[in-house]
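# Close look at the chain arrangement
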Amino acid sequence: MAAKKLNFEQSLARLDEIVRHLEKGDLPLSDSLSLFEEGTALLSSASRMLDEAEQKVVKLRKGADRQPEELPFEEE
């Protein structure tokens, strides 16, 4: 499943599936390790997607004290 690019929701669903498989504890060690590696890659990818989304929603502006303050993104 690593070859296919998943969106955020698909990544979370796959992570949930992986956790359920790992929690059962009935997989061979090699399969568990493969699922763990896939899960960590999915987690990293989902985290990147969240960071990118946050950057699109928040813009920085200098406040009265000349320090940056975060404001909700507004269409200009």
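Provided above is the structure to which this section pertains.
Throughout what follows, the structure given in this document is the object of discussion. (Residues numbered from 1 in each chain as written. Predicted model: local features only at pLDDT ≥ 70, side-chain atom pairs only at ≥ 80, totals over all residues. Heavy atoms only, no water.)

This part covers the overall build of the protein. In terms of regular secondary structure, the protein is built from two helices and two strands. When the helices and strands of the protein are listed from N to C terminus, the series reads α-α-β-β. For the protein, the proportion of its 76 residues judged to be buried stands at 16%. Within the protein, residue pairs in contact and separated by at least 24 positions form 34% of the contacts whose partners lie at least 6 positions apart. (Helix = DSSP H or I, 4+ residues; strand = E, 2+ residues; numbered from the N terminus. Buried < 20%, exposed > 50% of the residue type's maximum accessible area, 1.4 Å probe, protein only. Contact = heavy atoms within 4.5 Å.)

The next subject is the side chain of Arg14. Following the sequence through the fold, Arg14 ends up in helix α1 (residues 8-24). A polar contact is formed between the side chain of Arg14 and the side chain of Glu38, at a distance of 2.8 Å. (Polar contact = N/O pair within 3.5 Å; in protein donor to acceptor, adjacent residues only side chain to side chain.)

Let us now look at a nonpolar patch on the surface. On the surface, Leu22, Leu33 and Phe36 cluster together to form a nonpolar patch covering roughly 280 Å² of accessible area. Mapped onto the elements of the fold, Phe36 is located in helix α2 (residues 29-57). (Patch = residues over 30% accessible without salt bridge, like charges linked within 9 Å, V, L, I, M, F, W, Y side chains within 5 Å. Areas by Shrake-Rupley, 256 points an atom, 1.4 Å probe, with all protein chains shown as cover. Salt bridge = Lys/Arg side-chain N within 4 Å of Asp/Glu carboxyl O.)

Below, the discussion takes up α1. Taking 1.5 Å of rise per residue, 17 residues should cover 24 Å, and α1 covers 25 Å from first to last C-alpha, within 8% of that figure. Turning to α1, its buried residues are Ser11, Arg14, Leu15 and Ile18. Buried residues of α1, seen end-on, are gathered within an arc of 105° and therefore sit on one face of the element. Of the residues in α1, the exposed ones pointing more than 90 degrees away from the buried face are Glu9, Glu23 and Lys24. (Expected span 1.5 Å × (residues − 1). Arc of directions from axis to C-beta.)

To continue, consider the pattern of salt bridges. By the definition in use, this model includes three salt bridges. Taking the shortest distance from any N to any O, the salt bridge between Glu17 and Arg14 comes out at 2.8 Å. In this pair, Glu17 and Arg14 are both assigned in helix α1, three residues apart and thus about one turn of the helix distant. Across the pair Arg20 and Asp16 runs a salt bridge, and its minimum N-O distance is 3.3 Å. Taken together, the residues span about one helical turn, with Arg20 and Asp16 both in helix α1 at a distance of four residues. Residue class for Arg20 comes out partly exposed when judged on its relative accessible area of 46%. A single network of salt bridges, built from pairs that share partners, joins Arg14, Glu17 and Glu38.

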